[in-house]
Amino acid sequence: MEHRSFRTTDSVRAVLCLLGTLTRLLVMAEQESENLSGLSNNPDKDIFAVRENGTTCLMAEFAGKFAIPYDVLALNGIDLITETANVPLPRGAGVEGRCGPTEAELHIFWANNAYIFRIFFVKETRRAKDQKQKESEIWKINKMQLVYDTSETTHFINAYNPGKHTANSHKLSAFVTPAGRSFVCTAQETLTLLSTDHQKGVTVSLSDIQIQPFDIKNDFMFSEVYKCITDQHEQLEETLPLVLGLILALIIVLTLSIYHFHLKLTAQEPQLPRDRSMYKNM
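Computed from a predicted structure; not experimentally measured.

Undergrad: Which residues make up the environment of Glu 83, and what are the values?
TA: Tracing the sequence through the fold places Glu 83 in strand S4 (residues 80-88). Separated by 13 residues in sequence, Glu 83 and Tyr 70 place their C-alpha atoms 5.5 Å apart. Beyond its immediate stretch of four places on either side in the chain, Glu 83 contacts Ile 68, Pro 69, Tyr 70 and Val 72.

Structure follows, in structure tokens:
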């Protein structure tokens, strides 16, 4: 009996030690989130950071707004009319996040949790179409979600049957970016989420974006940028007139140079008399 009691005591101690170790590991891996919007010169832009073990593991900055349709009762008291609440993402919103090797999340909430905006990221390996090319790692947004409460009267005026609804993306693959780089887009990016409120379409508009959910090398600093297609096209549109102008100027300079050279050659050639009678005196 004493021998069995000794084994039981040892087992309890081992379990307690294991629990203590797991607790320490959880504390070490503690993640904290910060809203750094005060550092932005743009009053409409928010900056969010998620840190793990004292190091930044996710950063996101953007200006956001949401167009949310909702029902109101018509003047006849029978019919329903659809109105749209335009809700901006405010400065000072609360933020929580989670980092991982292949998955990450960013949760933003405001107005006493009347609005909760969630962004889900994933990192994956893509097979090359050509066998000669190597496989490449990318990250992207694979899900967006907005929880909103139409009983919040600042933006939802006289909402019919007010309450909480959830709008989700469907098979989303947005902001696809090579691993180790940050996604940048000055232009506005618009996505549509389907709401549990009679499948209404909620529009999410993000602009002045820079996001990186994985592989941040330096604390509070984004890695090399990867521009969105819209910004690349705009840059090309801005550069093309300049290039064409330089080519046109070069053509004009070459034309004038050739003409000037031709005049010099012509001036050096002997001039023949136009009057044939002058040939007798030659």
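Having put the structure on the table, let's press on.
Undergrad: Provide a residue-level description of the pairing of strand S6 (residues 103-110), including the pertinent values.
TA: Of all the 8 residues making up S6, 6 are buried; the element is thus mostly covered by neighbouring parts of the structure. Joining the antiparallel neighbours strand S5 (residues 94-98) and S6 is a turn of 4 residues. Where S6 meets strand S7 (residues 115-126), 8 bridges bridge the pair, whose relative direction is antiparallel. The partner of Glu 105 across the bridge, within S7, is Phe 120.

Undergrad: Which residues make up the pattern of salt bridges, and what are the values?
TA: A complete count under the given rule lists 12 salt bridges for this structure. With a shortest N-O distance of 3.6 Å, Asp 208 and Lys 45 are connected by a salt bridge. One end of the pair, Asp 208, is in strand S13 (residues 201-212); the other, Lys 45, is in strand S2 (residues 45-52), with 163 residues separating them in the sequence. Taking relative accessible area as the criterion, Asp 208 reaches 28% and is therefore assigned partly exposed. The class of Lys 45 is buried, set by a relative accessible area of 11%. Ionic pairing is found between Lys 123 and Asp 215, a salt bridge with its closest N-O pair at 3.2 Å.

Undergrad: Tell me about the state of the cysteines, and name the residues and values.
TA: One covalent bond between the sulfur atoms of two cysteine residues makes up a disulfide. For the structure shown, the criterion picks out 2 disulfides. Shown here is the disulfide that connects Cys 57 with Cys 99, its sulfur atoms set 2.0 Å apart. The sign of the S-S torsion, about 75°, decides the handedness of the disulfide formed by Cys 57 and Cys 99: right-handed. Of this pair, Cys 57 sits in strand S3 (residues 55-73) while Cys 99 sits in the loop between S5 and S6, and the two are 42 residues apart along the sequence. Of the two residues, Cys 57 and Cys 99, both sit in the buried class. Each sulfur of the disulfide joining Cys 185 and Cys 228 lies 2.1 Å from the other. On the sign convention where negative means left-handed, the S-S torsion of about 65° between Cys 185 and Cys 228 marks this disulfide as right-handed.

Undergrad: Talk me through a nonpolar patch on the surface; I want residue IDs and the actual numbers.
TA: Judged by side-chain polarity, Leu 73, Leu 80 and Tyr 160 come together as a nonpolar surface patch covering roughly 290 Å² of accessible area. Mapped onto the secondary structure, Leu 73 falls in strand S3.

Undergrad: So what's going on with the nonpolar core? Residues and values would help.
TA: Membership of the largest hydrophobic core comes to 48 residues, with the highest contact counts inside it found for Phe 62, Phe 117 and Phe 121. The dominant element in this core, judged by the number of residues it contributes, is S3, at 8 residues. Counting 6 residues, the second-largest nonpolar core is a separate cluster that includes Leu 36, Ile 47, Ala 49 and Ile 216.

Undergrad: Got a sec to walk through the pairing of strand S12 (residues 189-195)? Specific residues and values, please.
TA: Direction of pairing for strand S9 (residues 164-168) relative to S12: antiparallel, over a ladder of 2 bridges. Bridged to Asn 168 within S12 is Leu 194. Pairing of S12 with S13, which is carried by 6 bridges, proceeds in the antiparallel orientation. Note that in S13 the partner of Leu 191 across the bridge is Val 204. Following S12, the chain reverses through 5 residues before pairing antiparallel with S13; His 198 in that reversal takes a positive phi of roughly 55°.

Undergrad: Tell me what's going on with the side chain of Thr 150, and back it up with residues and numbers.
TA: In this fold, Thr 150 is placed in the loop between strand S8 (136-149) and S9. Side-chain polar atoms of Thr 150 contact the backbone nitrogen of Gly 163, separated by 2.8 Å. Apart from the residues lying within four places of it in its own chain, the contact partners of Thr 150 are Tyr 70, Phe 156, Ala 159, Asn 161, Pro 162, Gly 163 and His 165.

Undergrad: Which residues make up the confidence of the model for the chain, and what are the values?
TA: Considering every residue of the chain, the mean pLDDT works out to 83; 75% of them sit at 70 or more. The element-level mean pLDDT for the chain is lowest in helix H1 (residues 2-28), coming to 47, with S9 highest at 98. Note that residues 1-9 has pLDDT below 50 and, in this model, 0 contacts with residues that lie over four places away or in other chains. Note that pLDDT drops below 50 for residues 19-29; the model gives that stretch 3 contacts with residues more than four away or on any other chain.

Calculation notes
- Residues numbered from 1 in each chain as written.
- Predicted model: local features only at pLDDT ≥ 70, side-chain atom pairs only at ≥ 80, totals over all residues.
- Heavy atoms only, no water.
- Helix = DSSP H or I, 4+ residues; strand = E, 2+ residues; numbered from the N terminus.
- Contact = heavy atoms within 4.5 Å.
- Buried < 20%, exposed > 50% of the residue type's maximum accessible area, 1.4 Å probe, protein only.
- Pairing = 2+ DSSP bridges.
- Salt bridge = Lys/Arg side-chain N within 4 Å of Asp/Glu carboxyl O.
- Disulfide = S-S within 2.5 Å.
- Patch = residues over 30% accessible without salt bridge, like charges linked within 9 Å, V, L, I, M, F, W, Y side chains within 5 Å.
- Areas by Shrake-Rupley, 256 points an atom, 1.4 Å probe, with all protein chains shown as cover.
- Core = buried A, V, L, I, M, F, W, Y, C linked by side-chain atoms within 4.5 Å.
- Polar contact = N/O pair within 3.5 Å; in protein donor to acceptor, adjacent residues only side chain to side chain.
- pLDDT = per-residue confidence, 0-100.

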